[in-house]
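What follows is each chain in one-letter form.
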Amino acid sequence: MSKIKIPDNYQSVLDLIDTEVAIKMIKDTFERRLAEQLRLTRVSAPLFLLKNTGLNDNLSGTERPVSFNSYELNENDDIEIIHSLAKWKRDALYRYNFATKTGLYTDMNAIRRDEELDNIHSMYVDQWDWELAISEEDRTMEFFQQTVKKIYQVLLDIEFTMIRNYPQLGESILPEKITFIDSQDLENLYPDLTDKERERNIVKTYGAVCLTRIGDALASGKPHDNRAPDYDDWSMNGDILVYNRVLDDVLEISSMGIRVDAKALQEQLEKANATDRLELPYHQAVLHNTLPYSIGGGIGQSRICLLFLRKCHIGEVQASLWDNNTLTKCQEKGIKIL
């Protein structure tokens, strides 16, 4: 059963029609500003991929992709609905021959059948997936942080635009600057709390945080969060987390990172006991330095809309499917699900 919480006396600031108009304004404006900041070109993206290419995102490694076969293709080839385009984008940089410091973004739609439904999680995922070609010298935490700051500036611009057009949304939530903190430092700061409790505490303190170096084991013996071993370099990645005032909780807006080189790929697959993936075409391309060095990530479209429109449930800003418990509680509280 889904987990849903509705704040006391919650009422949507915008009605259904105004909400739909505002969603389009956010998405159109954000897409344009992101492309300008990072020098990105919009490209078309697939909804499904062949499993044997190794291009689909394995997420934490336990989620099951939706899969099917086609009579028009080899019936023995499994076709998977994407989880995200983390690896496909880097391959696309190579195929499109993007120059260094330019890249691509796409309007990504995915299905995650094993997602645990709650106020911010849905089976339907919509995000801007982006990837930027970089040089080997750019594979540094400093360059990663510079890129995070550019994306955060876009978030600030969007919030200002929405408040200007819809003053009833109230004052700004986001602070002027984003704070960076290493996942090990966060564990040291709150050693007795769970991962999510640590995130909530640090985000309530600073308003907006980029939590870095996610995936590798910490001093406690476990990672802050599970990350696929074959796209982000765990030493140069992070999540953009912001404080969601409506839910009084942390909201992850983006997961991003500098991508693995051959050395990091080998080491991380060994740690994940997943070296069998090394034979897949994508992984071979990384090992043989065929693919460009890159940085990339995903930015949640519905989550940004949830934040900036002061909504309490993601179903208020996207059309998905929900269990009866969610639908009943929302109906009782007068919450309009799209």
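First, a word on scope: everything that follows refers to the structure included in this document. Worth saying up front: this structure is predicted, and the values here are computed from it rather than measured. Position numbers for residues count from 1 along each chain, tracking the sequence in the order it is written. Local features in this predicted model are restricted to residues of pLDDT 70 or higher, and side-chain atom pairs are both shown and tallied only at a pLDDT of 80 or more, whereas totals for entire chains, interfaces and linings draw on every residue. Each side-chain value is derived from all of the structure's non-hydrogen atoms; neither hydrogens nor water enter the calculation.

Numbering of helices and strands runs from the N terminus; a helix is a DSSP stretch of H or I covering at least four residues, while a strand is a stretch of E covering at least two. The number of helices and strands found in the chain is 9 helices and 11 strands. Radius of gyration: C-alpha atoms only; globule rule: 2.2 Å multiplied by the number of residues to the exponent 0.38. At 20 Å, the chain has a C-alpha radius of gyration in line with the 20 Å of a compact globule built from 338 residues. Dimensions of the chain along its principal axes, counting C-alpha atoms only, are 55 × 50 × 40 Å. Relative to its full complement of 338 residues, the chain shows a buried share of 52%. Considering only contacts within the chain whose residues lie at least 6 apart along the sequence, 74% involve residues at least 24 apart. Using a 1.4 Å probe, accessible areas were evaluated by the Shrake-Rupley method; residue-level cover was limited to the displayed protein chains. With an accessible surface of roughly 15900 Å², the chain has 47% of that area assigned to carbon and sulfur atoms. When charges are tallied, Lys and Arg are placed among the positive residues and Asp and Glu among the negative ones, while His and the ends of the chain are skipped. Here the site of a charge means NZ on Lys, CZ on Arg, CG on Asp, or CD on Glu. Taking the average place of the 40 positive charges on the side chains of the chain and the average place of its 55 negative ones, the gap between the two points comes to 4 Å. Between buried and exposed lies partly exposed: a residue is buried under 20% and exposed over 50% of the maximum accessible area for its type, with that area taken using a 1.4 Å probe on protein chains only. Contact definition: two residues touch when any of their heavy atoms are within 4.5 Å.

So, about the packing of helix α1 (residues 16-38) against helix α3 (residues 141-165). Following both chains from N to C, one finds α1 and α3 inclined at 150 degrees, their axes separated by 10 Å at the closest point. Put simply, α1 runs roughly antiparallel to α3. Where α1 crosses over α3, the handedness of that crossing is right-handed. Along the contact surface, α1 presents Ala-22, Met-25, Ile-26, Thr-29, Phe-30, Arg-33, Leu-34, Gln-37 and Leu-38, while α3 presents Thr-147, Lys-150, Ile-151, Gln-153, Val-154, Leu-155, Asp-157, Ile-158, Thr-161, Met-162 and Asn-165. As a working rule, the residues Ala, Val, Leu, Ile, Met, Phe, Trp, Tyr, Cys and Pro are called nonpolar, Asp, Glu, Lys and Arg charged, and the rest polar, with Gly in that last group. Tallied by class, residues from the contact of α1 with α3 come to 11 nonpolar, 6 polar and 3 charged. Every axis in this analysis is a line fitted to C-alpha atoms, fitted for helices over the stretch in contact. Angles between the N-to-C directions lie between 0 and 180 degrees. Oblique is the label for any angle not under 35 degrees, not over 145, and not in the 65 to 115 range, which are roughly parallel, roughly antiparallel and roughly perpendicular in turn. It is the rotation of the near helix from the far one that decides the hand of a crossing: anticlockwise by less than a right angle makes it left-handed, clockwise makes it right-handed.

In terms of burial, strand β6 (residues 124-133) is a largely internal element, 9 of the 10 residues being buried. Pairing between strands is defined by DSSP: at least two bridges between the two strands are required. Pairing of strand β5 (residues 103-111) with β6, which is carried by 9 bridges, proceeds in the antiparallel orientation. Each bridged residue has a counterpart across the sheet, and for Asp-107 the counterpart in β6 is Trp-128.

Counting buried residues in helix α8 (residues 301-308) gives 8 out of 8 residues, a clear majority hidden from the surface. Looking at α8, one finds that the buried residues are Gln-301, Ser-302, Arg-303, Ile-304, Cys-305, Leu-306, Leu-307 and Phe-308. Directly beyond the C-terminal end of α8, a positive phi value near 60 degrees is found at Arg-310.

Each patch is assembled from residues with relative accessible area greater than 30% and no salt bridge, linking like charges that lie within 9 Å and nonpolar side chains (Val, Leu, Ile, Met, Phe, Trp, Tyr) that lie within 5 Å. Only one rule defines a salt bridge in this text: a Lys or Arg side-chain nitrogen within 4 Å of an Asp or Glu carboxyl oxygen. On the surface, Leu-47, Phe-48 and Phe-68 cluster together into a nonpolar patch covering about 260 Å² of accessible area. Following the sequence through the fold, Phe-48 ends up in strand β2 (residues 48-50).

With that settled, consider the side chain of Ser-294. By the secondary structure assignment, Ser-294 is in strand β11 (residues 294-300). Judged by relative accessible area, which is 1%, Ser-294 ranks as buried. The definition of a polar contact used here is a pair of N or O atoms within 3.5 Å, where within protein one atom must be able to donate a hydrogen and the other to accept one, and adjacent residues in sequence count solely through side-chain atom pairs. At a separation of 2.7 Å, a polar atom in the side chain of Ser-294 contacts the side chain of Glu-131. Not counting the four nearest positions on each side in its chain, Ser-294 is found in contact with Arg-90, Leu-93, Glu-131, Leu-132, Ala-133, Ile-134, Gly-257, Ile-258 and Arg-259.

For the structure on display, the rule yields 30 salt bridges. Among the ionic pairs, Lys-27 bridges to Asp-126, the shortest N-O distance being 3.6 Å. Of this pair, Lys-27 sits in helix α1 while Asp-126 sits in strand β6, and the two are 99 residues apart along the sequence. As a salt-bridge pair, Arg-245 and Glu-171 come within 3.5 Å of each other at their nearest N and O atoms.

The subject of this paragraph is unusual backbone geometry. Here Arg-39, not a glycine, exhibits a phi torsion of approximately 60 degrees, which is positive. Secondary-structure assignment places Arg-39 in the loop between α1 and β1 (40-42). Although it is not a glycine, Asn-97 adopts a positive phi angle of roughly 60 degrees. Here Asn-97 is to be found in the loop between α2 (86-96) and β5.

That is the geometry; function is a separate question.
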